[in-house]
Amino acid sequence: MSKRIEGRARALTSKPRRKDPSIAPGAGWSATPFAQTISDRQREVFAQAARLFVEKGYEGTSMSDIAAAVKLTKAGLYHFVNRKEDLLFTIMSWGMQELYEEVVYPAQSVEAPLERLKLILRNHLSNIGRGIGAQGNPVTIVADQPGGLNPERRAVIDELKRGYFDLVRRTLEEMRQRGELADGLDPTVTAHCIIGMIMWTARWPRPEGRLSVDDLIEQITSVAVGGAVSTDEPASQQAAMPPR
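Rules used throughout
- By convention here, each chain's residues receive numbers from 1 onward along its written sequence.
- Confidence filtering applies because this is a predicted model: local features only for residues at pLDDT of at least 70, side-chain atom pairs given and counted only at 80 or more, and all residues used for totals across whole chains, interfaces and linings.
- As a rule here, side-chain values come from all non-hydrogen atoms in the structure, and water together with hydrogens is ignored.
- A side-chain nitrogen of Lys or Arg and a carboxyl oxygen of Asp or Glu constitute a salt bridge if their distance falls within 4 Å.
- Each helix is a run of H or I in the DSSP string that is no shorter than four residues. Each strand is a run of E no shorter than two, and both are numbered from the N terminus.
- Whether a residue is buried, partly exposed or exposed follows from its accessible area with a 1.4 Å probe, protein chains only, as a fraction of its type maximum: under 20%, in between, or over 50%, in that order.
- Pairs of residues are marked as contacts when any of their non-hydrogen atoms sit within 4.5 Å.
- Polar contact criterion, stated in full: a pair of N or O atoms within 3.5 Å, where within protein one must be able to donate a hydrogen and the other to accept it, and residues adjacent in sequence count only if both atoms are side-chain atoms.
- Axis definition: a line fit to C-alpha positions, over the contact stretch in the case of helices; interaxial angles, taken between N-to-C directions, run 0 to 180 degrees.
- Roughly parallel refers to an angle under 35 degrees, roughly antiparallel to one over 145, roughly perpendicular to one between 65 and 115, and oblique to any angle outside these ranges.
- Definitions for this section: a left-handed crossing has its near helix turned counterclockwise from the far helix by less than a right angle. A right-handed crossing has that turn clockwise.
- The residue classification treats Ala, Val, Leu, Ile, Met, Phe, Trp, Tyr, Cys and Pro as nonpolar and Asp, Glu, Lys and Arg as charged. All others, Gly included, are polar.
- The definition of a nonpolar core used throughout is a set of buried Ala, Val, Leu, Ile, Met, Phe, Trp, Tyr and Cys residues joined through side-chain atoms within 4.5 Å.
- Values of pLDDT, which run from 0 to 100, indicate the predictor's confidence residue by residue.
- Planes of paired rings set the category: under 30 degrees apart is stacked, over 60 is edge-to-face and the rest tilted, where pairs are Phe, Tyr or Trp rings (Trp by its six-membered ring) whose centres lie within 6.5 Å.
- A ring has a charge above it when a Lys NZ or an Arg CZ is no more than 6 Å from the ring centre and no more than 35 degrees off the ring normal.

Student: Which residues make up the pattern of salt bridges, and what are the values?
Tutor: As enumerated under the stated definition, the model contains 14 salt bridges in all. Note that R41 and E44 form a salt bridge whose closest N and O atoms lie 2.6 Å from each other. A residue pair is termed a helical-turn pair when its members lie 3 or 4 positions apart in one helix, as R41 and E44 do in helix α2 (residues 40-56) at three residues. Look at E44 and you get partly exposed, because its relative accessible area is 33%. Through salt bridges with shared partners, one network takes in R83, E85, D86 and R153.

Student: So what's going on with unusual backbone geometry? Which residues, and what values?
Tutor: Phi at K71 is positive, roughly 60 degrees, even though this residue is not glycine. For K71, the position within the fold is in the loop between α3 (63-69) and α4 (74-77).

Student: An account of the environment of T171 is requested, with residue identities and associated values reported.
Tutor: Within the secondary structure, T171 sits in helix α8 (residues 151-177). Between the alpha carbons of T171 and A107 there is a distance of 9.6 Å; along the sequence they are 64 residues apart. For T171, the contacting residues outside a window of four places in its chain are P113, R116, L117 and I120. For T171, the side chain forms a polar contact with the main-chain oxygen of L167, separated by 2.8 Å.

Student: I'd love a proper account of the packing of helix α6 (residues 113-129) against helix α9 (residues 187-200), names of residues and values included.
Tutor: The interhelical angle for the contact between α6 and α9, taken along N-to-C directions, is 25 degrees, at an axis separation of 9 Å. With respect to each other, α6 and α9 are oriented roughly parallel. In this structure, α6 meets α9 at a crossing whose hand is right-handed. Contacts between α6 and α9 involve L117, L121, H124, L125 and I128 from the first element and I194, I198 and M199 from the second. A breakdown of the residues in the contact of α6 with α9 according to their chemical character gives seven nonpolar, one polar and no charged.

Student: Outline the nonpolar core, supporting the account with residue identities and numerical values.
Tutor: Soluble globular proteins: nonpolar side chains tend toward being buried together. Of all hydrophobic cores here, the largest spans 61 residues; its most connected members are F53, I66, L87, I91, Y164 and L172. Breaking this core down by element, the ones donating at least two residues are α2, α3, α5 (84-108), α6, α7 (138-143), α8, α9 and α10 (213-228). With 13 residues, the single largest contributor to this core is α5. When near neighbours in sequence (up to four residues on either side) are disregarded, F53 contacts Y58, T61, I66, K84, L88, I91 and V142.

Student: Describe the packing of α6 against α8, with residues and values.
Tutor: As a packed pair, α6 and α8 sit with axes 8 Å apart at the nearest point and diverge in direction by 150 degrees. Like other packed secondary-structure pairs, α6 and α8 cross with a definite hand, here left-handed. The residues of α8 that touch α6, namely those facing P113, L114, R116, L117, I120 and H124, are Y164, L167, V168, T171, L172, E174 and M175. In the contact of α6 with α8, the residues fall into nine nonpolar, two polar and two charged.

Student: With reference to specific residues and values, describe the confidence of the model for the chain.
Tutor: In this model, the chain carries an average pLDDT of 79, and 75% of its residues clear a pLDDT of 70 or more. In this model, residues 12-36 is a region of pLDDT below 50 whose contacts with residues beyond four sequence positions or in other chains number 56 contacts. Contacts of residues 236-244 to residues separated by more than four positions or lying in other chains number three contacts, the stretch itself having pLDDT below 50.

Student: Can you tell me about the side chain of T171, naming the residues and giving the values?
Tutor: Classification of T171 by relative accessible area gives buried; the value is 0%. A distance of 3.1 Å separates polar atoms of two side chains, one belonging to T171 and the other to R116.

Student: Run through the packing of aromatic side chains, naming residues and quoting values.
Tutor: The tally for this structure, following the rule as stated, stands at three aromatic pairs. Seen in terms of ring centroids, F53 and Y58 are 5.3 Å apart; in terms of plane orientation they differ by 65 degrees. Their pairing is edge-to-face. For Y58, a relative accessible area of 18% corresponds to the buried category. One residue, K84, lies across the ring of Y58, its end atom 4.5 Å from the ring centre.

Spelled out as structure tokens, the structure:
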């Protein structure tokens, strides 16, 4: 199973790209939803393993710990995965494919950069919010920390993350060219800030607190867009206005 998953993760970055390759690598990857190739039992194994990796650390989590969490014998766990690193890479690949299918690919179809930015924010926050529990979203947290992978596998995950970052940065650069980005903001720095805001929600400690996940999504989107968008009217719109 691990080799098949690794091949699909690599496909995200190795298939022919669409018309604008600067938006994200692997944009032409043929959609074979990873989620449709796994059973509910496998999802449970991945989710519990991610929870333990966050709770105890990757090195501090044993295969016996994971087997006990999902009520399997250790031999039964090896039916799903051969090694702990295979499991880690599987979880990361699964998380990254969901990110591409729910955020990157839909965003590529939105021409207006400001609307694209709003879609990126809402879709990514919704993706994270769907898996938030008492420990935040363990799958997102694990996917953001590929330290337990060997260099080759880490390079695969890093390239996927770079593709998403480039999508956000390119969107902000297009906004800057249209006069829609606030004066003085650098697209690269702003992209890091926006993605940092999004990723923070994976550690949201109170999913049943005063604010719902939907409230959180709307507030973070409002703060991110409000901080990035210029309050001045874009030059392109000013030029189109009739003289008074």
